[in-house]
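Secondary and tertiary structure notes
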Amino acid sequence: GINAEYGLPRNSAGVYPRIKNVFENVNCISTQCMELKNLKPPKPQTVGNILQKINTKIGGTNNIAADMMNIPLFKRPVIIMGADNSHPAQGEGNRPSITAVVGSMDRHACRYGTQISVQKTDGKKTHSYIIEDIGKLVKNTLIKFYQSVKIKPERIIFYRDGLSEGQYHHVMMYEVSEIKKACASLEVGYNPPITYVVCQKRHHTRLYCANPRDAQDRSGNVPAGTVVDRDITSPVNFDFYLNSHQGIQGTNKPAKYTVLVDENKMPADMLYTMTYHLCHVYARCTRSVSVPAPVYYARLATERAREHLGKFVFDDSDGASSTVSGGAGRGRGGPNIEEVLRAISPHDNTKNKMYWV
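The structure contained in this document is the topic of the report that follows. (Residues numbered from 1 in each chain as written. Predicted model: local features only at pLDDT ≥ 70, side-chain atom pairs only at ≥ 80, totals over all residues. Heavy atoms only, no water.)

The linkage connecting Lys-40 with the following residue, Pro-41, adopts the cis geometry, with an omega of -10°. One non-glycine residue, Lys-150, lies in positive phi territory at about 70°. With respect to the secondary-structure elements, Lys-150 resides in the loop between helix H3 (134-149) and strand S6 (155-161). For Lys-150, a relative accessible area of 63% corresponds to the exposed category. Within the chain, Lys-265 stands out as a residue other than glycine whose phi angle is a positive 50°. Overall, Lys-265 belongs to the exposed group, its relative accessible area being 72%. (Helix = DSSP H or I, 4+ residues; strand = E, 2+ residues; numbered from the N terminus. Buried < 20%, exposed > 50% of the residue type's maximum accessible area, 1.4 Å probe, protein only.)

Set out below in structure tokens:
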């Protein structure tokens, strides 16, 4: 495919989404933007980071967690998914929520495809924390997996981001049911077991070594790969804390994981190990990160889609009221959510690329 690189001047915030929209959403051309100030002079680390992004966007693989392939779960086809539901910030009017589901497209869980959706408010600026189109998004992701790997996944590992504890049960009941319906719609009797895990960073828990000599840095951070699954966890639910990354500055915040459904009946140590390995395949850097790569990728996909909302003008009615150009959908309360989805969604051939890296 054709690819393009662009050097951007300072104060180019308005140019960036336009470039991405024209090339990636409309014409399926991968792009890499760079601020010129970061290339004068070019530093090896900066150049290396840019090359990692370019390699990923053109279909390459930067990191493979080889040890993860030794986990018994990966002896048969398995798909790893990540999902996020991004809501507008306060003061952004009646902008819709953006949802994204990413799914692995290879047996190493390093390449991911993306599905995007848009959710309207209920007229009271209340945003649903449920991904309402989860069934459609998962179905399309499973189809893309089959087209890429040439075999149906026999297990589904689903990492869900963007939930608080009070939302767990309601969301799980709806979304797991919709995922199962999506599987059944693809083939009669197709019912792969699902492991549904919530990943949460919005908490106030910090981990410290009982013996300061065991700390990995001056801040007293616990070593990367530390798991805590007792004493400070729930006596009822299956949850644990995992500090998967090395601290660069200050005190690390470990990610909290809560397993709401585990039809794969994974041993606890297997789930800990797999989650830790998934923190090593993040394409933007050579170090482990604080949450599994599919969770990060789902966030990046929603952030990229939200950047394309700038062309729309929203008011206090339900949905988009008008667009900056063309005048399509003018009028308060016009049913333009489909138009918004078309504007922010990547080209069909771009969905299999990691365009948001």
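A few words now on the pairing of strand S5 (residues 112-119). For S5, the buried fraction is high: eight of the eight residues fall into the buried class. Taking every second residue as pointing to the same face, both faces of S5 are buried, with Tyr-112, Thr-114, Ile-116 and Val-118 on one and Gly-113, Gln-115, Ser-117 and Gln-119 on the other. Both strand S4 (residues 97-104) and S5 contribute to a ladder of eight bridges, which runs antiparallel. Across the sheet, residue Thr-99 finds its bridge partner in S5, namely Ser-117. (Pairing = 2+ DSSP bridges.)

Let's shift gears to the pairing of strand S10 (residues 255-262). Burial runs high along S10: six of the eight residues are buried. Two elements, strand S7 (residues 194-200) and S10, share six bridges in a ladder whose sense is antiparallel. Counterpart to Gln-200 in the pairing with S10 is Lys-256. By the bridge criterion, five bridges tie strand S9 (residues 238-243) to S10 in an arrangement that is antiparallel.

Let's shift gears to the packing of aromatic side chains. Pairs of aromatic rings are described using the distance from one ring centre to the other and the angle between the two planes. Applying the stated criterion across every chain, the model contains nine aromatic pairs. Taking the centre distance of 4.7 Å and the plane angle of 35° together, the rings of Tyr-297 and Trp-356 count as tilted. Linking Tyr-297 in helix H6 (residues 293-307) with Trp-356 in the segment after helix H7 (337-344), this pair joins segments that are 59 residues apart in sequence. In this structure Tyr-297 comes out as buried when scored by relative accessible area, which is 1%. Through a chain of ring-to-ring contacts, three or more aromatic side chains come together here, namely Tyr-112, Tyr-282, Tyr-296, Tyr-297, Tyr-355 and Trp-356. (Phe/Tyr/Trp six-rings, centres within 6.5 Å; stacked < 30°, edge-to-face > 60°.)

On to the pattern of salt bridges. Applying the stated criterion across every chain yields a total of 14 salt bridges. The shortest N-O distance in the salt bridge between Glu-165 and Lys-256 comes to 2.8 Å. Of this pair, Glu-165 sits in the loop between S6 and helix H4 (168-186) while Lys-256 sits in strand S10; the two residues are 91 residues apart in sequence, bridging distant segments of the chain. Classification of Lys-256 by relative accessible area gives buried; the value is 9%. Through salt bridges that share partners, Lys-20, Glu-24, Arg-304 and Glu-307 make up one connected network. (Salt bridge = Lys/Arg side-chain N within 4 Å of Asp/Glu carboxyl O.)

To continue, consider the nonpolar core. Proteins that are soluble and globular tend to have nonpolar side chains buried together. Membership of the largest hydrophobic core comes to 52 residues, with the highest contact counts inside it found for Ile-80, Tyr-159, Tyr-257, Met-274, Tyr-297 and Trp-356. The dominant element in this core, judged by the number of residues it contributes, is H6, at seven residues. Not counting residues up to four positions away in its chain, the partners in contact with Ile-80 are Phe-74, Val-102, Gly-103, Ser-104, Ala-109, Tyr-112, Ile-157, Tyr-159, Met-274, Leu-278 and Pro-294. Membership of the second largest hydrophobic core comes to 27 residues, among which are Phe-145, Phe-158, Ile-179 and Ile-194. (Core = buried A, V, L, I, M, F, W, Y, C linked by side-chain atoms within 4.5 Å. Contact = heavy atoms within 4.5 Å.)

It is worth spelling out the environment of Tyr-112 at this point. Secondary-structure assignment places Tyr-112 in strand S5. Separated by 29 residues in sequence, Tyr-112 and Thr-141 place their C-alpha atoms 9.5 Å apart. Not counting residues up to four positions away in its chain, the partners in contact with Tyr-112 are Ile-80, Val-102, Gly-103, Ser-104, Met-105, Leu-278, Pro-294, Tyr-297, Asn-352, Lys-353, Met-354 and Trp-356. Only 3.0 Å separates the side chain of Tyr-112 from the backbone oxygen of Ala-109, close enough to count as a polar contact. (Polar contact = N/O pair within 3.5 Å; in protein donor to acceptor, adjacent residues only side chain to side chain.)

This brings us to the sheet that holds S7. Spatial strand order, S5-S4-S3-S6-S7-S10-S9-S8: eight strands in an open sheet with mixed pairing. Looking at which strands have only one partner, the edges of the open sheet turn out to be S5 and strand S8 (226-228). For this sheet the average axis-to-axis angle between neighbouring strands, irrespective of direction, equals 20°. The pairing of S6 with S7 spans six bridges and is parallel. In the sheet register, Arg-160 faces S7, and the bridge partner there is Val-198. Packed onto the sheet, H3 meets strand S3 (78-86), S4, S5 and S6 and runs at close to 145° relative to S3. In the packing of H4 onto the sheet, the strands contacted are S6, S7 and S10, and the crossing angle to S7 comes to about 140°. (Axes fitted to C-alpha atoms, helices over the stretch in contact; angles between N-to-C directions.)

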